[in-house]
Amino acid sequence: MSAGLKIVICIKQVPETTEVEFDKETGRLKREGVAAVINPFDEFAIETGLRLKEKYGGKVMAISMGPPMAEQALRDAIAMGCDEGWLVSDRVFGGADTWATSLTLAKSIQLTGTHDIVICGLKTTDGDTGQTGPEMAEHLGEPCISYVSQVLDVKDGKVTLKRNLDDGVETLEARFPLIITVSKDVGQPRLATLRGRLAAKKATIKTITNKEMRMNPKELGLDGSYTRVTKIFTPEPHAGGEVIEGTPDQLADAIYQKLREAKIV
Amino acid sequence: MSKSVDVSDACTGCGMCISICPFGVITIVTGKAQIGDACRVCGACEPVCPVKAITIKKSEVPQVFADWRGILVYAEQREGRVHPVAYELLGKGRELAATLGEPVYAVIIGTNLTSAAEELVKRGADKVLVYDHLFLATYRDDPYAQILSEATNELKPSIILIGATSIGRSLGPRVAAKLKTGLTADCTGLDIDPQTRLLLQTRPAYGGNIMATIYTQNSRPQMATVRYKVMTEALADPTKRGEIIKKQVDPNRLQDRIRVLGFEAAKEQVSIVDADIVVSGGKGLGEPKGFELIKQLADALGGAVGASRPTVDEGWIEYRHQVGLSGRTVRPKLYLACGISGAVQHQAGMKTSDVIIAINKDKEAPICRISTLAAVGDLYEVVPRLIEKIKEQKVRGTTSN
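Residues numbered from 1 in each chain as written. Chains lettered and ligands numbered in written order. Predicted model: local features only at pLDDT ≥ 70, side-chain atom pairs only at ≥ 80, totals over all residues.

### Digging into the overall build of chain A
Piece 1. In terms of regular secondary structure, chain A is built from seven helices and 15 strands.
Piece 2. Taking the principal axes of the C-alpha coordinates as reference, chain A spans close to 70 × 45 × 40 Å.
Piece 3. The proportion of buried residues among the 265 residues of chain A is 51%. (Helix = DSSP H or I, 4+ residues; strand = E, 2+ residues; numbered from the N terminus. Buried ≥ 20, exposed ≤ 12 C-beta atoms within 10 Å, placed from the backbone.)

### Structural notes on the overall build of chain B
Piece 1. Scanning chain B for helices and strands turns up eleven helices and 22 strands.
Piece 2. Dimensions along the principal axes, computed over C-alpha positions, put chain B at roughly 75 × 65 × 40 Å.
Piece 3. Going through the 401 residues of chain B one by one, you find that 51% of them count as buried.
Piece 4. A separation of at least 24 residues holds for 64% of the contacts in chain B among residues at least 6 apart in sequence. (Contact = placed C-beta atoms within 7 Å.)

### Details of the sheet that holds strand 13 (residues 199–205) of chain B
Piece 1. In spatial order, the strands read 14(A)-14(B)-13(B)-12(B); together these four strands make up an open sheet with antiparallel pairing. If you trace the sheet from one side to the other, it starts and ends with strand 14 (227–233) of chain A together with strand 12 (189–192) of chain B, each paired once. Ignoring strand direction, the axes of neighbouring strands in this sheet form an average angle of 30°.
Piece 2. Across six bridges, strand 14 of chain A lies against strand 14 (residues 210–216) of chain B in antiparallel orientation. Among the inter-strand pairings, Phe233 of chain A is bridged to a residue of strand 14 of chain B, identified as Met211 of chain B. (Pairing = 2+ DSSP bridges. Axes fitted to C-alpha atoms, helices over the stretch in contact; angles between N-to-C directions.)

### Section: the interface of chain B and chain A
Piece 1. Across the boundary between the two partners, chain B contributes 90 residues, which contact 75 residues of chain A.
Piece 2. The leading source of residues in the side of chain B that touches chain A is helix 6 (residues 166–179) of chain B, at ten residues.

### Things to note about the nonpolar core
Piece 1. Judged by nonpolar contacts, the single largest core of 105 residues is most densely connected at Val73, Ala106, Val107, Ile108, Leu120 and Val279 of chain B.
Piece 2. Looking at this core, you find at least three residues from each of domain 2 (71–253) and domain 3 (277–400) of chain B.
Piece 3. Ignoring any residue separated from it by four or fewer positions in sequence, one finds Val73 of chain B in contact with Ala86, Leu89, Leu90, Gly93, Val104, Tyr105, Ala106, Ala125 and Leu161 of chain B.
Piece 4. Ile7, Phe93 and Ile145 of chain A together with Met211 of chain B belong to the second largest nonpolar core, which has 90 residues in total. (Core = buried A, V, L, I, M, F, W, Y, C linked by C-beta atoms within 7 Å. Domains from an automatic or database assignment.)

### Regarding the sheet that holds strand 15 (residues 242–245) of chain A
Piece 1. One open sheet holds the six strands; their spatial order is 15(A)-22(B)-21(B)-20(B)-18(B)-19(B), and the pairing between them is parallel. This sheet does not close on itself; its edge strands, each paired only once, are strand 15 of chain A together with strand 19 (304–307) of chain B. Strand-to-strand twist in this sheet, taken as the mean axis angle between neighbours without regard to direction, amounts to 20°.
Piece 2. Bridge count for strand 18 (residues 277–281) of chain B against strand 20 (residues 334–338) of chain B is five bridges, and the pairing is parallel. Considered in strand 20 of chain B, the bridge of Ser280 of chain B is made with Ala337 of chain B.
Piece 3. Relative to strand 22 (residues 373–376) of chain B, helix 7 (residues 248–261) of chain A is tilted by about 165°, and along the sheet it contacts strand 15 of chain A together with strand 21 (355–360) and strand 22 of chain B.
Piece 4. Here helix 7 (residues 290–301) of chain B sits on the sheet and contacts strand 18, strand 19 and strand 20 of chain B; the angle it forms with strand 18 of chain B, its principal contact strand, is near 165°.

### Re the domain arrangement of chain B
Piece 1. Splitting chain B by domain gives domain 1 (5–56), domain 2 (71–253) and domain 3 (277–400).
Piece 2. For domain 1 of chain B versus domain 2 of chain B, the separation of C-alpha centres amounts to 39 Å.

### Quick word on the packing of helix 5 (residues 141–155) of chain B against helix 6 of chain B
Residues and elements named next belong to chain B.
Piece 1. The contact between helix 5 and helix 6 brings their axes to 9 Å, and the two run at 50°. Taken together, the axes of helix 5 and helix 6 lie oblique to each other. Pair helix 5 / helix 6 crosses with right-handed handedness. Contact residues: Asp141, Tyr144, Ala145, Leu148, Ser149 and Thr152 in helix 5; Ser170, Leu171, Arg174, Val175, Lys178 and Leu179 in helix 6.
Piece 2. Class assignment of the residues belonging to the contact of helix 5 with helix 6 gives a composition of six nonpolar, three polar and three charged. (Parallel < 35°, antiparallel > 145°, perpendicular 65-115°, else oblique. Left-handed = near helix turned anticlockwise from the far one by under 90°. Nonpolar A, V, L, I, M, F, W, Y, C, P; charged D, E, K, R; others polar.)

### Observations concerning unusual backbone geometry
Piece 1. The omega torsion across Phe176 of chain A and Pro177 of chain A is -5°, close enough to zero to call that bond cis.
Piece 2. Structurally, the position occupied by Pro177 of chain A is in the loop between strand 11 (168–175) and strand 12 (178–182).
Piece 3. Of note, the amide linkage connecting Arg220 of chain B to Pro221 of chain B takes the cis form, showing an omega dihedral of 0°.
Piece 4. Following the sequence through the fold, Pro221 of chain B ends up in the loop between strand 14 and strand 15 (222–226).
Piece 5. Residues other than glycine seldom take positive phi values, yet Glu79 of chain B does so here, at roughly 50°.

### Points about the packing of helix 4 (residues 132–140) of chain A against helix 6 of chain B
Piece 1. At a minimum axis distance of 8 Å, the contact between helix 4 of chain A and helix 6 of chain B shows a crossing angle of 40°. Classed by the angle they form, the pair helix 4 of chain A and helix 6 of chain B counts as oblique. Crossing hand, helix 4 of chain A versus helix 6 of chain B: right-handed. The residues of helix 6 of chain B that touch helix 4 of chain A, namely those facing Pro134, Glu135, Glu138 and His139 of chain A, are Ser170, Pro173, Arg174, Ala176, Ala177 and Lys178 of chain B.
Piece 2. Counted by class, the contact of helix 4 of chain A with helix 6 of chain B contains four nonpolar, two polar and four charged residues.

### Topic: helix 6 of chain B
Residues three or four positions apart in an α-helix share a direction because the helix packs 3.6 residues into each turn.
Residues and elements named next belong to chain B.
Piece 1. Counted at 1.5 Å a residue, the expected span for helix 6 with its 14 residues is 20 Å, and the 21 Å between its end C-alpha atoms agrees.
Piece 2. For helix 6, the buried fraction is high: twelve of the 14 residues fall into the buried class.
Piece 3. Listed as buried for helix 6 are Ile167, Gly168, Arg169, Ser170, Leu171, Gly172, Pro173, Arg174, Val175, Ala176, Ala177 and Leu179. (Expected span 1.5 Å × (residues − 1).)

### Details of the pairing of strand 12 of chain A
Residue and element names in this part refer to chain A.
Piece 1. Within strand 12, five of the five residues are buried, which leaves the element mostly enclosed by the surrounding structure.
Piece 2. What you see with strand 12 is no split at all: Leu178, Ile180 and Val182 on one side and Ile179 and Thr181 on the other are buried throughout.
Piece 3. Examined bridge by bridge, strand 8 (residues 117–121) and strand 12 share five bridges and lie parallel to one another. Note on strand 12: the bridge partner recorded for Val118 is Ile179.
Piece 4. Looking at chain direction, strand 9 (residues 144–155) and strand 12 are connected through three bridges and run parallel. When the bridges of strand 12 are listed, Ile145 appears paired with Ile180.

### Focus: the confidence of the model for chain B
Piece 1. For chain B, the average pLDDT comes to 91, and 96% of its residues sit at 70 or higher.
Piece 2. Both confidence scores are given for the complex: pTM 0.83, ipTM 0.90. (pLDDT = per-residue confidence, 0-100.)

### Topic: the environment of Ala337 of chain B
Residue and element names in this part refer to chain B.
Piece 1. By the element assignment, Ala337 lies in strand 20.
Piece 2. Look at Ala337 and you get buried, because 32 C-beta atoms sit within 10 Å.
Piece 3. If we ignore the near neighbours within four places in the chain, the residues touching Ala337 are Ser280, Gly282, Gly342, Ile356, Ala358 and Ile367.

### Looking at helix 4 of chain A
All names here are of chain A.
Piece 1. Within helix 4, eight of the nine residues are buried, which leaves the element mostly enclosed by the surrounding structure.
Piece 2. All of the buried residues in helix 4 are Thr132, Gly133, Pro134, Glu135, Met136, Ala137, Glu138 and Leu140.
Piece 3. Gly141, located one to two residues past helix 4, shows a positive phi value of around 70°.

If you want it as structure tokens, here you go:
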């Protein structure tokens, strides 16, 4: 452990979703002018990795699967303090579902050497699935702890941490190597520093294509995906009713009547 | 270029496909449509092409999985008590089973499960596999995923449904990866395609801005995690009969790499997820103190306090009150939204409520369009009067008794 921890952070570049609007007439997402950023949940993963490094020493490596433009997300991660950036990019990786994505990421992580811990964000803001991390753990043959809220300690090749469940908080212990997905409770992600930005500018982003991975293309991208999207549509709104105006008394009365009608009071 | 969408030379570069593509991946390059790598093969472009130049390459001949039959519901439990989402899955499972003419199975893992297993039969399971052992008292990914995978290989169901709780969303991916099959996260709609008999799994994406329908074609089982409080719970039928099979559990052959050192239960009074009445506050409150008024109204109605994401982000109220896509989904009898504009992300967490009432200054706010009743006014003027009326009624109610 004298060499410190080898920490891998999985990040994804996503559109800044709050800006993404659905055009009801043409039926497509409006993307004009929408910036691509690091998935906000992944910034908490980066923060977790950087804090581990500060406390226990080691190296933090960011890895991202995506089109060539995802390189910027890796540079942003370096600007926050990550030591290295790896881009997993190849046309045969395109159109992957969470199964194919997690398999490709797992193989790529193996190519970068050994690791102690892989940290993922809770989910992405575009796909919203939150299952790539746990699926990747199975491909790597390692345990996974999701919804981590706090890393308590690292000692003798073991980590203790807290994670959120629906009905409370659990304290767990696991041996390295392992995968965790972290919630926003781990702590506010830091901003990029000037020194970080300079490092990001100079950094060489290493690329992994299928030439290095040597996987059967049938296991990758859309061909390697078990799920297919068959339809995309806008969510149905709740059937609207009346909109009323009037004095506060009239409004309170109308609401009260509605509550009686619905047998709530 | 996409491997699965073919554009023939008949393409005139008219651009009709560009305007329909929900992912914006089509561009015209030298007078011909080119489909980008980010294509999800949703098929939206194929029918709109006026010269029929676009063909979606169907993946290999769909395989037949005749020996995979039945709907398996994973019945999550904590301390022997079944999580209500499992009853919702049984409700939906029975519906799907009726369409397919297949049985409904339940798998329950834990300790002291006798009454839980009986309840699962009453709620619609034809067969329940029970893995009851002290070793399984607390949830851990490793042994639970191994057992559910083995149960799946034994039962060979065509469909597995798991509640999209924290536990379900850890267990589901683990099992799907072990079984080498597709998994759709956080579904809010499940149907059977009448032609193909495939499970159509509908879920929100892009922060609830779009819904996507997904299917699993060339592997079995078809797996989905399903949002809590979306499907209708199966009611208990005491006359329902089913088979309960107690399975042997041998801890020595179960992988177990994570140790649970402790558990601290959340100390909230009424969880917003379980409340019949939710009174929520939004940025329209103007200040954190506004939640005191919301609490008074919630107390008067016997409900729980909810909140919109911006108020939680501002630190006005704790995260556990947050309703919406990044918070909890609620399905109360009454959802009363005070000073909440009702962004699509918020709606994703409350729009299935039976009655929605909004109090908002802005009659153009999205919440007003989806409310059973929207009162356009100042919540600080309306809410106190409403509380008064409710209290008056209570007093009258008790004196007349």
